[in-house]
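# Observations on the three-dimensional arrangement
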Amino acid sequence: MAGGEVLRQNLPEKLEESPSGANELHVLAVDDSLVDRKVIERLLKISSCKVTVVESGTRALQYLGLDGDKKSSIGFDSVKVNLIMTDYSMPGMTGYDLLKKIKESSVFREIPVVIMSSENILTRIDRCLEEGAEDFLLKPVKLSDVRRLKDFIMKGEVKEGEKRCCKRSRSEDCSPSPMTHPCDSSLLSSLSSSSVLSPLSPSTLSSKKSRL
């Protein structure tokens, strides 16, 4: 019996949104393959992420409310997505097409998008990275890839929170030496300890930083 058939038998048929905690990373995973959807969903759940899985780029746009049909969308006000992981080769709308739609949106363009593919095609990789993809991963995606992605996104969330904290503190503090504020000290200490993020994954074939 093929490995894919064994996996299909051991996994539930229904696709459900995993339960979420307040501080969990919420990942929208897009793949037309049921087996691949289940694999990435399991890896993300093992990494303590909230996961929403959909089977197509069109369904992903509906979920985000970017298809123009308000009735079919959940809406950004009711759900926050921190990361989008999408397969490249899908019927109808490819992962590249979905990436372009997301980057054209004023609401979602800042959300990191990671493209996944079982094909190592350099022109495809370069095109996705130039369009704004955060990373391009070869399938099968590994648990170490997912954990590095999560660490990368969470560090970004923490730094954004520190920036907002400092802006509020500086507007309220009239003292001549704002750098002595506790919020500023914590920000300086975090920046000095890790001023540059490490690459997302050893399996990453290319990155924005390498192109720069």
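Quick summary incoming for the structure in this document. (Residues numbered from 1 in each chain as written. Predicted model: local features only at pLDDT ≥ 70, side-chain atom pairs only at ≥ 80, totals over all residues. Heavy atoms only, no water.)

### Brief notes about the overall build of the chain
The helix and strand inventory of the chain stands at eight helices and five strands. Counting helices and strands in the order they occur from the N terminus, the chain gives α-β-α-β-α-β-α-β-α-β-α-α-α. Burial statistics for the chain: of 212 residues in total, 40% are counted as buried. Considering only contacts in the chain between residues 6 or more positions apart, those separated by 24 or more positions represent 67%. Taken as a whole, the chain presents about 12,000 Å² of accessible surface, with 53% of it coming from carbon and sulfur. (Helix = DSSP H or I, 4+ residues; strand = E, 2+ residues; numbered from the N terminus. Buried < 20%, exposed > 50% of the residue type's maximum accessible area, 1.4 Å probe, protein only. Contact = heavy atoms within 4.5 Å. Areas by Shrake-Rupley, 256 points an atom, 1.4 Å probe, with all protein chains shown as cover.)

### So, the nonpolar core
Soluble, globular proteins show a tendency: their nonpolar side chains are buried together. Leu28, Leu64, Ile84, Ile115 and Cys128 are the most contacted members of the largest nonpolar core, which totals 25 residues. Filtering out sequence-adjacent residues up to four positions away, Leu64 remains in contact with Leu28, Val81, Ile84, Ile102 and Phe108. (Core = buried A, V, L, I, M, F, W, Y, C linked by side-chain atoms within 4.5 Å.)

### Some points on the packing of helix H3 (residues 57–64) against helix H4 (residues 95–103)
Here H3 crosses H4 at 20°, and the two axes come no closer than 9 Å. Taken together, the axis directions place H3 and H4 in an arrangement best described as roughly parallel. The two elements H3 and H4 meet at a crossing, and its hand is right-handed. Contact residues: Gly57, Ala60, Leu61 and Leu64 in H3; Leu98, Lys101 and Ile102 in H4. Taken together, the residues of the contact of H3 with H4 sort by class into five nonpolar, one polar and one charged. (Axes fitted to C-alpha atoms, helices over the stretch in contact; angles between N-to-C directions. Parallel < 35°, antiparallel > 145°, perpendicular 65-115°, else oblique. Left-handed = near helix turned anticlockwise from the far one by under 90°. Nonpolar A, V, L, I, M, F, W, Y, C, P; charged D, E, K, R; others polar.)

### Side note on the pairing of strand S5 (residues 135–138)
Two strands pair when backbone bridges link them, and strand S4 (residues 113–117) and S5 are joined in this way by four bridges, in the parallel orientation. When the sheet's bridge partners are listed, Ser117 is paired in S5 with Leu138. Handedness of the crossover joining S4 and S5 through helix H5 (residues 122–131): right-handed. (Pairing = 2+ DSSP bridges. Right-handed = clockwise from strand over helix to strand, strands pointing away.)

### Describing the pattern of salt bridges
For the structure on display, the rule yields six salt bridges. For Lys38, the salt bridge goes to Glu41, with nearest N and O atoms at 3.6 Å. Of the two residues, Lys38 and Glu41 both sit in helix H2 (residues 34–46), three residues apart, roughly one turn of that helix. For the pair Lys38 and Glu41, one class covers both residues: buried. One salt bridge connects Lys139 with Asp87, and the closest N-O pair in it is separated by 3.1 Å. One end of the pair, Lys139, is in the loop between S5 and helix H6 (143–172); the other, Asp87, is in strand S3 (residues 83–87), with 52 residues separating them in the sequence. With respect to class, Lys139 is no different from Asp87; both count as buried. Because the salt bridges share partners, they merge into one network encompassing Asp31, Asp36, Asp87 and Lys139. (Salt bridge = Lys/Arg side-chain N within 4 Å of Asp/Glu carboxyl O.)

### Digging into empty space enclosed by the protein
Taken as a whole and assessed by the stated rule, the structure comprises two cavities of 30 Å³ or more. Considering only enclosed or pocket space, the second largest cavity measures out at about 30 Å³ in volume. Leu25, Val27, Leu44, Cys49, Leu83, Met85, Val146, Leu149 and Lys150 are the residues that line the second largest cavity. Elements with a minimum of two residues in the lining of the second largest cavity: S3 and H6. Among the elements that make up the lining of the second largest cavity, the one with the highest residue count is H6 (three residues). For the lining of the second largest cavity, the residue count by class is eight nonpolar, no polar and one charged. (1 Å grid on protein atoms, 1.4 Å probe; cavity = no way out; pocket = protein on both sides within 12 Å on 5 of 7 lines; lining within 4 Å. Points joined across faces, edges and corners; volume = space filled by probe spheres on them.)

### Some details on the sheet that holds strand S2 (residues 50–54)
Taken together, five strands build an open sheet; the order of strands is S2-S1-S3-S4-S5 and the sheet is parallel. Bordering the open sheet on either side are S2 and S5, each of which pairs with just one other strand. Neighbour to neighbour, the strand axes of the sheet diverge by 20° on average, direction disregarded. Relative to S4, S3 runs parallel, the two sharing four bridges. Each residue of the ladder has a partner; that of Thr86, found in S4, is Ile115. H2 contacts strand S1 (26–30), S2, S3 and S4 of the sheet and is inclined by roughly 170° relative to S2. Contacts between H5 and the sheet are confined to S4 and S5, with S5 contributing the most and set at about 150° to the helix.

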